[in-house]
Amino acid sequence: QKEVEQDPGPLSVPEGAIVSLNCTYSNSAFQYFMWYRQYSRKGPELLMYTYSSGNKEDGRFTAQVDKSSKYISLFIRDSQPSDSATYLCAMSHYGAGSYQLTFGKGTKLSVIP
Amino acid sequence: DAGITQSPRHKVTETGTPVTLRCHQTENHRYMYWYRQDPGHGLRLIHYSYGVKDTDKGEVSDGYSVSRSKTEDFLLTLESATSSQTSVYFCAISVDGASSYEQYFGPGTRLTVT
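The rules behind these values
- Residues numbered from 1 in each chain as written.
- Chains lettered and ligands numbered in written order.
- Predicted model: local features only at pLDDT ≥ 70, side-chain atom pairs only at ≥ 80, totals over all residues.
- Heavy atoms only, no water.
- Phe/Tyr/Trp six-rings, centres within 6.5 Å; stacked < 30°, edge-to-face > 60°.
- Helix = DSSP H or I, 4+ residues; strand = E, 2+ residues; numbered from the N terminus.
- Buried < 20%, exposed > 50% of the residue type's maximum accessible area, 1.4 Å probe, protein only.
- Lys NZ or Arg CZ within 6 Å of the ring centre and 35° of its normal.
- Disulfide = S-S within 2.5 Å.

Overview of the packing of aromatic side chains
Here's step 1: Counted by the stated rule, this structure contains 19 aromatic pairs over all chains.
Here's step 2: When the centroid spacing of 3.6 Å and the interplanar angle of 10° are considered together, the rings of tyrosine 32 of chain A and tyrosine 101 of chain B count as stacked. Of this pair, tyrosine 32 of chain A sits in strand 4 (residues 32–38) while tyrosine 101 of chain B sits in the loop between strand 9 (87–94) and strand 10 (103–105), on two different chains.
Here's step 3: In this structure tyrosine 101 of chain B comes out as buried when scored by relative accessible area, which is 6%.
Here's step 4: Three or more aromatic residues joined by ring pairs form one cluster here, namely Tyr36 and Phe103 of chain A together with Tyr33, Tyr35, Tyr48, Tyr50, Phe90 and Phe105 of chain B.
Here's step 5: A cation over an aromatic ring shows up here: lysine 56 of chain A above the ring of tyrosine 49 of chain A, its NZ or CZ 4.0 Å from the ring centre.
Here's step 6: One cation-aromatic arrangement involves lysine 67 of chain A over tyrosine 51 of chain A; the distance from NZ or CZ to the ring centre is 4.9 Å.

This is the structure:
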């Protein structure tokens, strides 16, 4: 079992829809939970991070962490064509002198006008 | 882009040749990382550095070496390139201090080994 599982999609939604992206994990040592957005042929861009269980909101984006279920989600409200990208979840734990990130494989999202 | 540049941005090379990729940062952060990204595998850590001349291996370090002689530069070398090393390579930095778990990525280098 991989430490981080993420449905690769692809996921296609109409403009204005609510999008839900999810990851599960198996390593209880993960402390920080992050979402990256990656446009085609670009580097990943940090969208949001959370530390504890619960919700964190930033504009149209909400990150949710449930440590008891080892499950994290990213919700996008009022999705826009500019949200079309691959979304990567990442989880961090401290080891060997630095924070190490473990990534999901990414979910490709297309928002259709 | 967190002040990170990578060079070259694209490279085609032949099997068996040595290749060096360069990552340059402008903000003197202590931690730097090299990842590769492949379809079906996501981002995987190759090597990382926690200071000048201080480096360590990541998940997929076989066939790669790194060097860091200056804070701003982190070099990744493929000693003898193989077709399995065809990939997109990303450099990342993490900021010093309390937020050092956050990593910021460069634009990537697309390497093709023929």
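Now, onward.
Some remarks on the state of the cysteines
Here's step 1: Under the definition given, this model contains 2 disulfides over all chains.
Here's step 2: What pairs with cysteine 23 of chain A in a disulfide is cysteine 89 of chain A, and their sulfur atoms sit 2.0 Å apart. Of note, the bridge from cysteine 23 of chain A to cysteine 89 of chain A carries an S-S torsion of about -100° and is left-handed in sense. Here the residue cysteine 23 of chain A occupies a position in strand 3 (residues 19–25), and cysteine 89 of chain A occupies one in strand 9 (residues 85–95), the gap between them amounting to 66 residues.
Here's step 3: Overall, the relative accessible area of 0% leaves cysteine 89 of chain A in the buried class.
Here's step 4: Disulfide partner of cysteine 23 of chain B: cysteine 91 of chain B, at an S-S distance of 1.9 Å. One disulfide, between cysteine 23 of chain B and cysteine 91 of chain B, carries an S-S torsion of -70° and so falls in the left-handed class. On the criterion of sequence distance, the pair formed by cysteine 23 of chain B in strand 3 (residues 19–25) and cysteine 91 of chain B in strand 9 is long-range, its members being 68 residues apart. One exposure class covers both cysteine 23 of chain B and cysteine 91 of chain B, and it is buried.

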